Amino acid sequence: MKVLVVYESTTGKTRTMAEAICEGVREMDVECALMRARDFTGIESACALALGSSTRMKRPLPKVRQIMAELPSLQGLSVASFGSYGWSGEAPGIIAERLQKLGGDLVAEPLRVKNHPREEDIEACKELGRQLAKSCRQ
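A brief report on the enclosed structure follows.

What counts and what doesn't
- Residues numbered from 1 in each chain as written.
- Predicted model: local features only at pLDDT ≥ 70, side-chain atom pairs only at ≥ 80, totals over all residues.
- Heavy atoms only, no water.
- Disulfide = S-S within 2.5 Å.
- Helix = DSSP H or I, 4+ residues; strand = E, 2+ residues; numbered from the N terminus.
- Buried < 20%, exposed > 50% of the residue type's maximum accessible area, 1.4 Å probe, protein only.
- Salt bridge = Lys/Arg side-chain N within 4 Å of Asp/Glu carboxyl O.
- Polar contact = N/O pair within 3.5 Å; in protein donor to acceptor, adjacent residues only side chain to side chain.
- Contact = heavy atoms within 4.5 Å.
- Axes fitted to C-alpha atoms, helices over the stretch in contact; angles between N-to-C directions.
- Parallel < 35°, antiparallel > 145°, perpendicular 65-115°, else oblique.
- Left-handed = near helix turned anticlockwise from the far one by under 90°.
- Nonpolar A, V, L, I, M, F, W, Y, C, P; charged D, E, K, R; others polar.

## A few points about the state of the cysteines
Note: disulfide means a covalent bond formed between the sulfur atoms of two cysteine side chains. Summed over the entire model, instances satisfying the criterion amount to two disulfides. Each sulfur of the disulfide joining Cys-22 and Cys-32 lies 1.9 Å from the other. Taking the torsion about the S-S bond as the criterion, the Cys-22 to Cys-32 disulfide, at about -70 degrees, is left-handed. Taken together, the positions of Cys-22 in helix H1 (residues 13-27) and Cys-32 in strand S2 (residues 31-36) put the pair ten residues apart, joining distant regions of the chain. Through a disulfide, Cys-47 is tied to Cys-136; the S-S separation comes to 1.9 Å. Because the torsion about its S-S bond is 85 degrees, the bridge between Cys-47 and Cys-136 counts as right-handed. Linking Cys-47 in strand S3 (residues 46-53) with Cys-136 in helix H4 (residues 119-137), this pair joins segments that are 89 residues apart in sequence. Relative accessible area serves as the criterion here: at 22%, Cys-136 is assigned to the partly exposed category. Indicated for the chain is the disulfide connectivity 1-2, 3-4, based on numbering the bonded cysteines in sequence order.

## A short note on the pattern of salt bridges
Where charged atoms from two side chains of opposite charge approach closely, those side chains can pair. In total, this model carries eight salt bridges according to the counting rule given. Put simply, Glu-23 and Lys-126 hold a salt bridge, and the shortest N to O gap is 3.2 Å. Pair noted here: Glu-23 is in helix H1 and Lys-126 is in helix H4, with a separation of 103 residues, a long-range link. The class of Glu-23 is partly exposed, set by a relative accessible area of 38%. Linking Lys-101 and Glu-97 is a salt bridge whose minimum nitrogen-to-oxygen distance equals 3.4 Å. Placement of the pair is Lys-101 and Glu-97 together in helix H3 (residues 91-101), with a separation of four residues, close to one helical turn. The network of salt bridges with common partners includes Glu-27, Glu-123, Glu-127 and Arg-130.

## A few points about the side chain of Ser-78
Tracing the chain through its elements places Ser-78 in strand S6 (residues 78-85). With relative accessibility at 9%, the residue Ser-78 sits in the buried group. Of note is the side chain of Ser-78, whose polar atom sits 3.1 Å from the side chain of Ser-135. Each residue touching Ser-78, except ones within four places of it in the same chain, is listed here: Cys-47, Ala-48, Leu-49, Asp-105, Val-107, Leu-132 and Ser-135.

## Here's the deal with the packing of H1 against H4
Contact pair H1 / H4: the axes reach a minimum separation of 6 Å and the direction vectors enclose 45 degrees. It follows that H1 is oblique to H4 by the angle criterion. Considering the relative orientation of H1 and H4, their crossing is right-handed. For the pair formed by H1 and H4, the contact residues are Thr-16, Met-17, Ala-20, Ile-21, Glu-23, Gly-24, Val-25 and Glu-27 on the first element and Ile-122, Cys-125, Lys-126, Leu-128, Gly-129, Arg-130, Leu-132 and Ala-133 on the second. Taken together, the residues of the contact of H1 with H4 break down into nine nonpolar, three polar and four charged.

The structure is reproduced here in structure tokens:
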């Protein structure tokens, strides 16, 4: 079992968040699979899913929207959402809402970071990763 961290990023800020989430997962001795949204193939063998996107025009980026439309029922799978933004930051909330509608169990509030992740933002991402890893052990 592994935590699957899937992201779409335009300038690398959301990617930085995804990498920090995986770092937090690995600190808990749980496997983390980091994947760009365009390479997503499914949630098989995942004990938790974190889905992230930067916000563009008040919504998630296209590949993440496609993933959200195609995901099967999550049936209590531990989930989280995250993303960076410059102006409005709606994407993480939209993602969280969809994951919950599919039956996912949200482990934390959507994680939003304005502009480039700072040290405290990176720590929040790592903590999210630790929470996801803990949910895999239960």
